[in-house]
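# Analysis of the macromolecular model
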Amino acid sequence: MLLGSVEKQVKALVGKDKKDVRETLRQLKSLVAKKCAKLPLGDSAKAALPYDVDAQASSYLELINVGQAASWPTRRPKEDPYPAALDALTQSITLEEFTAATEALSSKARTNDPRPLSIMRNNRRGTMLLEDDKGRLFAWVNLHGQHNRFARDVVVTNMVNTRTGEIVNFKSKLGCVMPLECSQWHFQRFIKQGQLQSSKLIYRKEQFFIACTFEFVAADIECVTYLGIDRGIEEIASYAVITDDLGLLAQGSFEGATLRGYQRKKEAQAKETQRRKGESRVSWRAYADHIIHALANKIVDAALLYASQVVIEDLSAISQGPQHKRPKFRPRTNLSKVLNRAQYQKLANVLKYKLPAVGLPPPRLVRAAGTSITCNVCGYRDKENRQSQAPFVCLKCAHSENADLHAAKNIAAKHIYWREVGPKVKGKKLTDRHKFENWLAVRRQAVEVD
Ligand SMILES: [Zn+2]
């Protein structure tokens, strides 16, 4: 009744003058407060409700007034959005993803399913999750030593250990069997798919909870292709998927215009506010991190699609030796990459976790030297092959291509090359015959003869 009349009054405020709106909402708030006073609610709920109503109404009106679709909140969402948010939480690897997922989780409406309360570090204490023949769940929890005054013989018969799938029969004085309740989501996602690692018994508000850690092992995917990634100049990164005989399966770029635009804007801002150091740097870093995780996710998707071994540049190799140092006064405008070294290193670190999480091997690193100036078609290596930043043009065979996409192919190829040639030249000086450009030319000829 009360909410119905509130709804009617709020809807009548759409498009009204701001002053009127504020006044009406103020009256509404005190009305709700008055009505609440009679309800059988706790004091804190009584105090909070008027503010809730006020906040909901204001945001509803704001949305409607700027032309966005907004609907009156229904009591319960038709579909439970919780599982999706929980999925995001369990799949999060980085702190950023974890934070975003927990934020999403706390903003979702809840149904009455039991939810996890704690995620914490546990030690192995021999907890077992057991299922009986009626599909009921129990936890065996080790609680005390066998000489403890609470020690009693407990007999467990004909239960299935959900970790090993074995039938369990035993007698012990060390703990007890507790009936367990969890949502269907937890049952399917964790108990059926994961392996219990450790657990902790928690007593809170006169209820027992059990916080468990699970391990998920993705089935290994056998890689049949190679996905090379080059730090892009125009786009954030370019990729190429190739086969063992250097055939091209796919190539493309991950969009980086937004990153670059943002970077420029931030740099301009930083110049203006040089005195207030630090401020813009932090937000820029957070934004760059976000972009890197999004990029890593796209790379994982592409690698899954083509069952690829991901190959990236080994940046540690470039920094070594004085011959690789950048001449002091050469402007870095032309060939500076959108992703700087630190960001690329971060991408590499993120991929080390994300790829194995889906069953793919971690990325392989190759030395990028020469990959941007060696022709992928004929193997001709010449600095002049790349006179300006965008196109690669081979001076020998005239092959021309977008330089980033071309370099991505070479990075993937370099992994195949080094896997074959590396063991042969171990500890020896690299002869011309064993150089990347020569290997490339020979491999191309071999493919043509076939
Ligand atoms: Zn060529």
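Scroll up for the structure.
Source: prediction; values computed, not measured. (Residues numbered from 1 in each chain as written. Predicted model: local features only at pLDDT ≥ 70, side-chain atom pairs only at ≥ 80, totals over all residues.)

On to the overall build of the chain, then. Looking only at helices and strands, one finds twelve helices and 14 strands in the chain. In the chain, which comprises 450 residues, the share counted as buried stands at 21%. Long-range contacts, defined here as pairs at least 24 residues apart, represent 60% of the contacts in the chain between residues at least 6 apart. (Helix = DSSP H or I, 4+ residues; strand = E, 2+ residues; numbered from the N terminus. Buried ≥ 20, exposed ≤ 12 C-beta atoms within 10 Å, placed from the backbone. Contact = placed C-beta atoms within 7 Å.)

Attention shifts here to the pairing of strand β3 (residues 154-161). In this structure, strand β1 (residues 128-131) lies alongside β3, joined through two bridges in antiparallel fashion. Bridging from a neighbouring strand, E131 pairs with V160 of β3. Across five bridges, β3 lies against strand β4 (residues 167-172) in antiparallel orientation. The partner of V156 across the bridge, within β4, is F170. (Pairing = 2+ DSSP bridges.)

Attention now moves to the pairing of strand β9 (residues 237-242). Of all six residues in β9, six are buried; the element is thus mostly enclosed. The pairing of strand β8 (residues 225-231) with β9 spans six bridges and is antiparallel. The partner of I229 across the bridge, within β9, is Y239. Two elements, β9 and strand β10 (residues 248-254), share six bridges in a ladder whose sense is antiparallel. Its bridge partner lying in β10, V241 is registered against A250. Connecting β9 to the next strand, β10, in antiparallel fashion are five residues, including L246 with a positive phi near 70°.

What follows is about the sheet that holds strand β11 (residues 308-313). Reading across the sheet, the five strands line up as β10-β9-β8-β11-β12 and stay open at both edges, with mixed pairing between neighbours. The outermost strands of the open sheet, each flanked by one partner alone, are β10 and β12 (364-366). Adjacent strand axes in the sheet meet at a mean angle of 25° when their direction is disregarded. Pairing of β11 with β12, which is carried by three bridges, proceeds in the parallel orientation. Of the residues in β12, the one forming a bridge with I312 is L365. (Axes fitted to C-alpha atoms, helices over the stretch in contact; angles between N-to-C directions.)

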